[in-house]
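# Coordinate analysis (summary)
The residues making up each chain are set out below.
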Amino acid sequence: KKHPFWETQPVGQFNEIGDSTLPEGPIEAPKPLSEVRPESYNLPGAYEWTTCDIDDDAAAAEVYNLLSNNYVEDDENMFRFNYSKEFLRWALRPPGYFKQWHIGVRVKGSKKLVAFITAVPAKIKVRKEIVLMAEVNFLCVHKKLRSKRLAPVMIKEVTRRVHLENIWQASYTAGVVLPTPISTCQYWHRSLNPKKLIDVGFSRLGARMTMSRTMKLYKLSEKTITPGFRKMELRDVPEVTRLVCKYLAQFEVAPNFDEYDVEHWILPKADVVDSYVVESPVTHVVTDFCSFYTLPSSILMNSNYSILKAAYSFYNVATKTPLIQLMNDALIIAKKNDYDVFNALDLMYNESFLKELKFGPGDGHLHYYLYNYRLCQPLKPSELGLVLL
Ligand SMILES: COc1cccc(CC(=N)NC(=O)c2cccnc2OC2CCNCC2)c1
């Protein structure tokens, strides 16, 4: 049995695919809170639950170290995500967050943090409905404790704590196929520092290509070209909120941001998230914006470099500037700030700029999932407007 845990969960099952008699929407009805299990699930004897206070520097350092040494690696185990402490504080404390959804597992004796899972609340529009959901992320079990079946009990525990807040749906992504993706995105990479990317094995020199020809191919101008292109500021929040809400409303699954969400998720934070607006020089109206988040990766086996500095396309809305031009300015900014690569998924309108801006396809896919919500058929990436961290 390939998915003994997921076959017990309210998620679309593989044997239901194409069954059009099943209704779209929640799979299980909400329960009265009095019927939600009041106590935590049982861990194997040697382990205990803990709540990780990400505001506390020592606790944040424990989480950082666990993820930095044990979190997701690429398929060839050459790179591992290296989320910074500041990034984790940003990712885990959006408006309305719950500290008790930042869940750790410790060894009873040594108190060593050996596993982690989180959820944050989010208003997500699914088709025409706005559904309050938990975005589940950062599921990590120490390499030495794999296949002890810790992940299922951690997923049940975070689900229980989410239920206690009367939230019954969740969204999550994975690089592996589980029952059952609502969409499958391809990831793409735009080289900014091709020499380093080839040196560390992230990219390969193209056939009949020299290194100098490759560096020339990816060269970007020093200056952005869009008039009125500048860093986003607090005063832009109302206009950016209007732009991003109108834009995201067209997708089948997308966040329903309010101004507090935009202030948290899109206002620039050093080394965490960058965002730029286009303020029309004449009318001073904000007509476009672009944003990317900073997620370095540890380079696992290389004598010259230890960190790959990567930018990840976040939310981009172009209403006056051509999207290609807006994104090319984002690449110019990223290159100027010493990023090695700019990553993007083929969701939203991204497909329209990937090839022209010299992105190359990555060697993997990112699958999107909903918990306790059935879609009758999967979404095309262009129907998806949700970027998870
Ligand atoms: C380059 O270093 C890596 C270190 C670990 C894994 C991967 C490959 C990979 N799995 N990439 C993605 O999942 C990915 C590729 C493009 C854009 N977003 C992505 O994932 C985001 C969103 C999901 N959570 C991780 C970050 C690459």
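It should be emphasised that the depicted structure is a prediction, and the values quoted were computed from it without experimental measurement.

## A look at the site of the ligand
Around the ligand, 18 residues are found, and the nearest of them are Phe79, Tyr83, Tyr187, Ser297 and Leu389. Residue Ser297 places a side-chain N or O atom 2.8 Å away from an oxygen atom belonging to the ligand. Measuring from a nitrogen atom of the ligand, one finds a backbone N or O atom of Leu389 at 3.1 Å. Coverage of the ligand by the protein chains reaches 92% of its 590 Å² of free accessible surface.

## Describing the confidence of the model for the protein chain
Residues with a pLDDT of 70 or more make up 100% of the protein chain, whose mean pLDDT is 98. Two numbers describe this predicted complex: its pTM, 0.98, and its ipTM, 0.98.

## A few points about the pattern of salt bridges
Summed over the entire model, instances satisfying the criterion amount to 27 salt bridges. Taking the shortest distance from any N to any O, the salt bridge between Glu24 and Arg127 comes out at 2.6 Å. Here Arg127 lies in the loop between strand S4 (113-126) and strand S5 (129-141) and Glu24 lies in the segment before strand S1 (47-51), a separation of 103 residues in the sequence. Linking Glu62 and Arg106 is a salt bridge whose minimum nitrogen-to-oxygen distance equals 2.7 Å. One end of the pair, Glu62, is in helix H1 (residues 57-70); the other, Arg106, is in strand S3 (residues 102-107), with 44 residues separating them in the sequence. By relative accessible area, which is 14% here, Arg106 ends up buried. One connected set of salt bridges, linked through shared partners, spans Arg230, Glu233, Arg235, Asp236 and Glu279.

## A word on the sheet that holds strand S13 (residues 307-308)
Spatially, S2-S12-S13 is the arrangement adopted by the 3 strands of the open sheet, whose pairing is antiparallel. Looking along the sheet, the strands with just one partner apiece sit at the ends: strand S2 (79-81) and S13. One ladder, built from 3 bridges, connects S2 with strand S12 (residues 297-299); its direction is antiparallel. For Arg80, the partnering residue across the bridge sits in S12 and is Ser298. Contacting S2 and S12, H1 crosses the sheet at an angle of about 150 degrees to S2.

## Quick look at the pairing of S5
Along any regular strand the residues' side chains alternate between the sheet's two faces. As judged from the 11 bridges shared by S4 and S5, these two strands associate in the antiparallel manner. The partner of Ile124 across the bridge, within S5, is Val131. In sequence, S4 turns back onto S5 through a hairpin of 2 residues, with Arg127 there showing a positive phi of about 55 degrees. Of the pairings in the sheet, the one linking S5 to strand S6 (residues 169-174) comprises 3 bridges and is parallel in character. Considered in S6, the bridge of Glu135 is made with Ser171. Handedness of the β-α-β unit built from S5, helix H3 (residues 150-163) and S6 comes out right-handed.

## Quick word on the packing of aromatic side chains
Scanning the model with the defined rule gives 27 aromatic pairs in all. Between Trp90 and Phe314, the aromatic rings sit 5.9 Å apart at their centres with planes inclined by 65 degrees, giving edge-to-face as the arrangement. Pair noted here: Trp90 is in helix H2 (residues 85-92) and Phe314 is in the loop between strand S14 (310-313) and strand S15 (317-318), with a separation of 224 residues, a long-range link. Exposure remark for Trp90: the relative accessible area of 2% places this residue in the buried category. The buried category is assigned to Phe314, whose relative accessible area is 2%. Summarising the aromatic geometry, the rings of Phe342 and Phe359 are spaced 6.1 Å apart at their centres and angled 85 degrees between planes, so their arrangement reads as edge-to-face. You can see Phe342 sitting in strand S16 (residues 341-345) and its partner Phe359 sitting in strand S17 (residues 359-371), a full 17 residues away along the chain. Accessibility assignment for this pair places Phe342 and Phe359 in one class, buried. Among the aromatic residues, ring-to-ring pairing joins Tyr71, Phe81, Tyr83, Phe87, Trp90, Phe138, Phe257, Trp265, Tyr293, Tyr312, Phe314 and Tyr315 into one connected group. The side chain of Arg37 reaches across the aromatic face of Tyr41, ending 4.4 Å from its centre.

Reading the values: the criteria
- Residues numbered from 1 in each chain as written.
- Predicted model: local features only at pLDDT ≥ 70, side-chain atom pairs only at ≥ 80, totals over all residues.
- Heavy atoms only, no water.
- Near = heavy atom within 4 Å.
- Polar contact = N/O pair within 3.5 Å; in protein donor to acceptor, adjacent residues only side chain to side chain.
- Areas by Shrake-Rupley, 256 points an atom, 1.4 Å probe, with all protein chains shown as cover.
- pLDDT = per-residue confidence, 0-100.
- Salt bridge = Lys/Arg side-chain N within 4 Å of Asp/Glu carboxyl O.
- Helix = DSSP H or I, 4+ residues; strand = E, 2+ residues; numbered from the N terminus.
- Buried < 20%, exposed > 50% of the residue type's maximum accessible area, 1.4 Å probe, protein only.
- Pairing = 2+ DSSP bridges.
- Contact = heavy atoms within 4.5 Å.
- Axes fitted to C-alpha atoms, helices over the stretch in contact; angles between N-to-C directions.
- Right-handed = clockwise from strand over helix to strand, strands pointing away.
- Phe/Tyr/Trp six-rings, centres within 6.5 Å; stacked < 30°, edge-to-face > 60°.
- Lys NZ or Arg CZ within 6 Å of the ring centre and 35° of its normal.

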